[in-house]
Each structure stands twice: as structure tokens, then as C-alpha cells.
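A closer look at the structure
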Amino acid sequence: MSRVLEALTFKNGGKMSGLTTSRRSFLAMSAATATLAATTSTVSFSNWAEAQEDTNDAEVKISSSTCNACSNKCGMLVYSKNGRLWKVKGEELHPYSKGTLCARGHGYATIGYTDGRITEPLKRNEEGGYDPISWEQAYQEIGDKVKEILAKHGPGAIAAMNDPRPSGQFYTKRFINALGSPNYYTHGSSCNLSCNSAYKLVLGGNSAIDLANARCVMFIGRSYADGVRPSSANSLAQAAERGCHIITVDPRFNAMAHMADDWVAIRPGTDLALILGMSNVLVRENLYDADFIANHTDGFEEYEAAIRQYTPEWASEITGIEAERIENLARTMASYAPASSIELSWRAAIGCAYENSIQTARALALFNALLGSYGKKGGQFWGLSPKLGPLEAPKFAELPKIDENLKQYGSKEFPLALKSMGSASNIANGALKGDIKAVFAYNSNPIMAYGNHDAMVEAYKNLDLFVSIDIQMSESAIQADYVLPDTSYIERKEVPATVGGKSPVVDCRLQGIDVIHPNTRPVDQIYAELAEACGIGQYFNFTVDDVIDAQLAPFPNREEIKTKGIAKVMEGQFKFPSDEEFKFKTEDGILHFADDVWIKGGLGRNIEWIPPRVMPDTAKGEFRLIGGKQAIHTHTSTTNVPLLIQITKDYDLERVWVNKSKAQELGIEDGDLIEISSPLASTQVRCHTTERLHPECIWNPTHYGVKSPFLKAGTGLGIAAYDHTPFEVGKHDGALCSQEAIVTIKKVGA
């Protein structure tokens, strides 16, 4: 197979051309530029007049931290002068950064200095605006309301959610559990709830790809150069250089596709059919690892009988990919096995995009088992997992036991959903039904990120109490009853976190700069004081330093971690298991190709095809609206950072992509203003026409369409895709079906 991407022809006649960029020419830009050419390993913020005033001759202080721009939490070093941010760079010891930060990591470090910061507690008034109040008043009124709700409705009527970061995750969960409620949620329902739930059920937990030794890797809707972890982008570039066969399956020619041998421009929402078709080839042609399956799995006979119906010809009709090509993809992957696998992905087509996303992830996990890649060098593996120390009495009071009859809201309706994440999106349904009366949202923007904006606003208005703890006036904050101002992440220290793998580390954010706004407070203090007001203060009679000491106790180098902020642990202990030693992370140590556990979630005991919820009628000019990340932004959290928004403006990155051939049929040219219409909304945005997109969809970067007037940097840029997405969570797992939206487009101006 040539390493130059060839023109592709779709079955529906949409011709893709002009893809002549070789992988080597892309690699010549260097691996680091996969995270965006606009960054370097060190960026100074010398253009901040206020932040840099009188610092030229000041002593430089260096503090270890972790980035807060996305869920990767890459290691970073914060350089300060006179207590003010001067510059940041990647932490060499951290497995995700290895000395490099992506563009958003550099830019987001400035969030504490941006306009739109919440600088004092706020209370919503009768006119819908906000009045500044004291911390004491905020705590007293919130505490009184919580006690009232507990008395009337019980702890099951209160929920808390956060976009998990170390202290935020620890304190948010402890707070809601101390109230007697099991209703703790992460952002997973809008990110990776579907795939993580499937991997837990099939594998016992997420595995990792041994990219350093892989010979063939397929990525489905995943781009290391868009959803950036710098070390992953670098490792992929190195793998490509040594000849690893890379396949990217994506309706869009994403930023990583330049490194691929094959770009498979699949019809959106049909990835499950592709995996089933490839699985059929492996089974039919006896290309699977029979010894691995015999030694480490059960139910294969049922699976084998079921998979026979999903021929490449069948898959071709659904995916738009030629049957011969599906066969060749499967044979190629089998030829490199066991150092061959499909990467587990994160969000995209598998994370939470479609009604069939959980089934797609299930099929992916089983396909890798056919290759025998688990536990093998170059395949999928489980690394070492450092364990933090327990919080023991008397310093840490044991939390009250939650009523055994009280289950996490949504767990009965969505039994397949991973309980550690839960369906935060479904909380909106709970609010509308009156089941949920109060919500605490920390570092989380549910109004904008967990479903259709208008539907979420309507739902959250039905709450008796909505408290937003954040650093900026997000779309959720402007709907809250109380807004409590947090410090930014580099203004505080946090509890430890672990990063597993071949060479695990324990890291601990250290305070990097002085508190910028004196009436803001760190998350640990906010939750401890809220707990006191709510009558559960006895469960928070400790400091963040007490937590750090307790959780670092098991590590001989704990003082090094506390001082330097990061250290390696369990060095030299990792090894790949022998076939006799290998076990899956499931309760019985084996993988079940067929399993009754799926039946309770409305799926079959065996794998089967499930279509997306909706499909576009191309004869009527309909498109599927899909979206994804850009290397400079993370969802909506970075759109108030001027440094990052300026890159958006400089390169017109807010534009929606439209297939060039389809655009020409509609009289649309590159740069035109178009109107996107659905039963829910009509929005206008400029477009980018390209052959690097499947003709049945339009692609929208998911960071724009700001609706809060306080987030001025991003105001007026792009559209919010969720405006067109009906608010319906997946019926099998409660995840947000973020790409189940059908739209039409037309030109409205040049």
C-alpha cells in the first residue's frame, strides 16, 4: 500500500480528490506540530501588560502542576515572577506531556487573567440578573435550601457533577455522598460513557495501546492531532516513521490522517457495520487467534454463528465502503497480529455520538480479541496502576452509608452505564420530572455541553436549587441560583493523582501563582465550608494537605512528590504477561463473546447490528451534522481565552466544513455564509468547502456558538451544534447522542 493517500470514490458518487500530501512530508513538520504549529515547547506571555508589570528583574519561581485545559491533565511547569504567571512548559516526567504542551495547554494557562472571571459570590435576583453577596450569606442560604430539600424529598433529590480534575473530583464526590446521595456524575455522558461502559463489561476496564511496538493500528473517529495528548502525537509520528501501518476511519480527513497509510472515509454512524464486516472476514477465513480464544474467552461459538450474517457485502451497503476494501482491511490487520489492534478511542463515533455507540465499542473490543492482541507486545495491554493511600479515621470521618434502596439516578433506566460516570445528561430529565430538585455543578457547563441548550435551560429552570462553582460566567453559571467563584488551577494546590502505564507517576498540583482575585476561594475550601453550612461539616474536618499526606503515604518517595509535584513510582516493575499469566480485568478473568449482562440493557446476548437513530435523506438534500475537536480548543471551556480565540480568527477555524462536490450542487463556494436548518433551529455560519469530507455530512468544530454575554472573547464565532441536536439520551446507556442530528443547508451570502 502506498504511503500517499489516493483519491477516493464513494458509492453515492461523491468524488474525493486532491489528497496528495504524503505522510513523510507531514512528519517533516515534526511530531510536535501535530498538536498545532502555533506552539513551541515554551511560550512566554510577554504581551500581558498587567501580568508582566515590574517583573523583568524579578526572581523566577518554578512550580509543578498539571494542565486543566482538557481531561488529559498533562504535566506542566509554571514559571512565575512576583507571584504572576510568566510562562509554562511541559513537564518531562509526565507520561502525557514528556516536555511538551499543546496550544490549548499554553493558552489556557492564562484563564485566570481573562475577562469574565467570577470574582465574588453571586445570587440570582428576581429580574434574572445577579447581585454580589458575601460568602457567609451564600453558604447560609444554600445550606438552608439543601436542608429543606433533604427534609422534603430525601438525598436522592440532590445531584452533583464535575468535569473530573483531582480536587474537584475528590471533593465533589465526597460532598454529595456525605449528604447521603449516590448522585455523582462526570462529564462522561457527553464524552466517553458509551465506550467506557462497553469496555468495562467486555474487558473489565480500558486497555491501552502499545504504540511503541505496534505494527498496525486502526483509529475510528479518533485523532491524536485534534484531541491532543502531546506524547501520543509524538509516539504516533515515531510509529509511522518506523513503518507501522496506520489506518484512520473517519468521515473527515482529520489532522492526524496525514500520518495514515489508509483513510477510510466512512458514512457517519456506520462504524459498527464496518467492524462487524471485518470480524466476519476474520472468522470466515480463519484469520483469528484460535489459541488465544480457546485459552482466554468463552461464548465464541455463539459469536461465530452470529457474525456469519455480517458479510463485507452487507457492510458495504451500509458503510459506503467497497466490500473488497473491507476484506483487505481485515486481512491487513490480521497479517500483523498480535501487534495489531483498533485503538479504543475516546469520544467520536464510539464515545457517545450515536444510539449504537456502546455496541460499536463492544464490537471493537471483541475484534481485538479475535486478533489475540490483549496482553501482547504491540497490541493492547494493562499497565501498572499506583494506588493512593486510604483516608482513615479519626482524621477522616467515615462517610455515612447510603441507603441501599437509593440508587444513582438513571442507573435503573440505564443499567449498562458505568456507575463511576453516570448519565449527567439525564439529570435534565430528572429535573423536568421533579425527581431531581438540586444540582451542584463544579468546573462543569451542563447547560452548554450536556445536550440541546434550550432544552437544558428549560430543565434546569425547574430545579429548586442550582449552584455553579466555576471561574467564569459560563452558560450554566448565568442560569444558576448561586455562583461561587473558584480560583484557577494554577492558583491552588490539589490532591494527588496517578497516571498508570509502563512507567507510572504520581503527580500533585502545586500552587504556581498568587491568587489573582482575593475574594475567590479554592475548591477544597468551598466544599468544606458548604458542608458545614449543610450540616455535614464533620466529614470535612481536614485540610488539603492532610489529604495529600494520607494519599501519598504508600509511596517511599512521597516527600519528593510533595516537593517537586511529580515522581515516578513502581519503576522497572512492568512486564508483558506470558500467555499463562494473562487474565482480563473481568471478575472471572476471561472475555465473554456472548453474555447475558447485555440483555438487561435492552441489547442481545450476542453482538448484533443496531442502526443510528436517524439517517439523512440525501434525495431531500439532508446532511448529518457531525463535529469534533480542534487542537486549540476543548469543548466550550477554552472559548474565552483571547490567545486561543485569536488563532481561531487568524485561520477561520470556526467555519463549518461542507463536501465540495455537494456544495457546488447547491451553489455554495468556499467562504460563503450558509444557513443550517433543522426542526429545532436555523443558524448561520461561514463554510469551508473541501473534498476531505464525506458528502453525506457537514462537520462543525464543537467549541463555538457562545451564549453567555460574559464570555466576550468567543462571542459571535461559529455555531453550537447542539442547537440542532434533539435532547435524547441513548436508550441503552444514557449517553448523549451528540451526532444524531439531520440538517439542510443553503447559501445566504458571499
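Residues numbered from 1 in each chain as written. Predicted model: local features only at pLDDT ≥ 70, side-chain atom pairs only at ≥ 80, totals over all residues. Heavy atoms only, no water.

**Section: the overall build of the chain**
Put simply, the rule is: Think of it this way: any DSSP run of H or I at least four residues long counts as a helix, any run of E at least two long counts as a strand, and we number them from the N terminus. Put simply, the radius of gyration uses C-alpha atoms, and a globule should come to 2.2 Å times the residue count raised to 0.38. We call a residue buried when its accessible area falls under 20% of the maximum for its residue type, exposed when it is over 50%, and partly exposed in between, using a 1.4 Å probe and counting protein chains only. Contacts: residue pairs with any heavy atoms within 4.5 Å of one another. With residues, only the protein chains shown are counted as cover, and all accessible areas are computed by Shrake-Rupley using a 1.4 Å probe. Counted charges follow a simple rule, with Lys and Arg positive, Asp and Glu negative, and His plus the chain ends left uncounted. Lys charges are placed at NZ, Arg charges at CZ, Asp charges at CG and Glu charges at CD.
The helix and strand tally for the chain stands at 22 helices and 30 strands. Here the C-alpha radius of gyration of the chain, 25 Å, is about what a compact globule of 750 residues would show, namely 27 Å. Per-residue burial for the chain yields a buried fraction of 63% across its 750 residues. Taking contacts inside the chain between residues at least 6 apart in sequence as the whole, the part at least 24 apart equals 77%. Approximately 27,200 Å² of the chain is accessible, and the part contributed by carbon and sulfur atoms is 47%. Distance between charge centres in the chain, computed from 75 positive and 89 negative side chains, equals 2 Å.

**Side note on the side chain of serine 677**
Note the threshold: A 3.5 Å cut-off defines polar contacts: any pair of N or O atoms within that distance qualifies, except that in protein one atom must be a possible hydrogen donor and the other a possible acceptor, and neighbouring residues in sequence count only when both atoms are side-chain atoms.
With respect to the helices, strands and loops of the structure, serine 677 is situated in strand 27 (residues 673-677). Given the relative accessible area of 19%, serine 677 is considered buried. Here the side chain of serine 677 touches serine 682 through a polar contact of 3.3 Å, side chain to side chain. Beyond its immediate chain neighbours, meaning those up to four positions away, serine 677 contacts Ser682, His724, Ile742, Val743 and Thr744.

**Some words on the pairing of strand 18 (residues 438-442)**
Let me state the cut-off plainly: When DSSP locates at least two bridges between a pair of strands, those strands are taken to pair.
Here strand 18 lies mainly inside the structure; 5 of its 5 residues are buried. Residues Ala438, Phe440 and Tyr442 point to one face of strand 18 and Val439 and Ala441 to the other, with burial holding for every one of them. Both strand 18 and strand 19 (residues 465-470) contribute to a ladder of 5 bridges, which runs parallel. Along strand 19, the bridge assignment pairs tyrosine 442 with isoleucine 469.

**Here we look at the sheet that holds strand 12 (residues 216-220)**
In plain terms, the rule: Every axis in this analysis is a line fitted to C-alpha atoms, fitted for helices over the stretch in contact. Angles between the N-to-C directions lie between 0 and 180 degrees.
Reading across the sheet, the 4 strands line up as 14-13-12-16 and stay open at both edges, with parallel pairing between neighbours. Edge positions in the sheet fall to strand 14 (262-264) and strand 16 (340-342), since each of these pairs with one other strand and no more. Across the sheet, the mean angle from the axis of one strand to that of its neighbour is 10°, orientation sign disregarded. The pairing of strand 12 with strand 13 (residues 245-249) spans 5 bridges and is parallel. Residue pairing across strands places valine 217 opposite isoleucine 246, the latter belonging to strand 13. Each of strand 12, strand 13 and strand 16 is contacted by helix 8 (residues 271-284), which is oriented at about 150° to strand 12, the strand it contacts most.

**Section: the sheet that holds strand 25 (residues 623-628)**
Overall, mixed pairing links the 6 strands, which are arranged 25-29-26-28-27-30 in a closed barrel. Averaged over neighbouring strand pairs, the angle between their axes works out to 45° when direction is ignored.

**What about the packing of helix 6 (residues 193-203) against helix 14 (residues 357-370)?**
Selection rule: Oblique is the label for every angle not falling under 35 degrees (roughly parallel), over 145 degrees (roughly antiparallel), or within 65 to 115 degrees (roughly perpendicular). Crossing handedness is defined as follows: a turn of the near helix away from the far one that is anticlockwise and smaller than a right angle gives a left-handed crossing, while the clockwise case is right-handed. Polar here means any residue other than Ala, Val, Leu, Ile, Met, Phe, Trp, Tyr, Cys and Pro, which are nonpolar, and Asp, Glu, Lys and Arg, which are charged; Gly is therefore polar.
At a closest axis distance of 8 Å, the pairing of helix 6 and helix 14 adopts a crossing angle of 40°. Between helix 6 and helix 14, the angle falls in the class oblique. Helix 14 is crossed by helix 6, and the crossing has right-handed handedness. On helix 14, the residues touching Ser194, Cys195, Ser197, Ala198, Tyr199, Val202 and Leu203 of helix 6 are Ser357, Ile358, Ala361, Arg362, Leu364, Ala365 and Leu366. Residue composition of the contact of helix 6 with helix 14, by class: 10 nonpolar, 3 polar and 1 charged.

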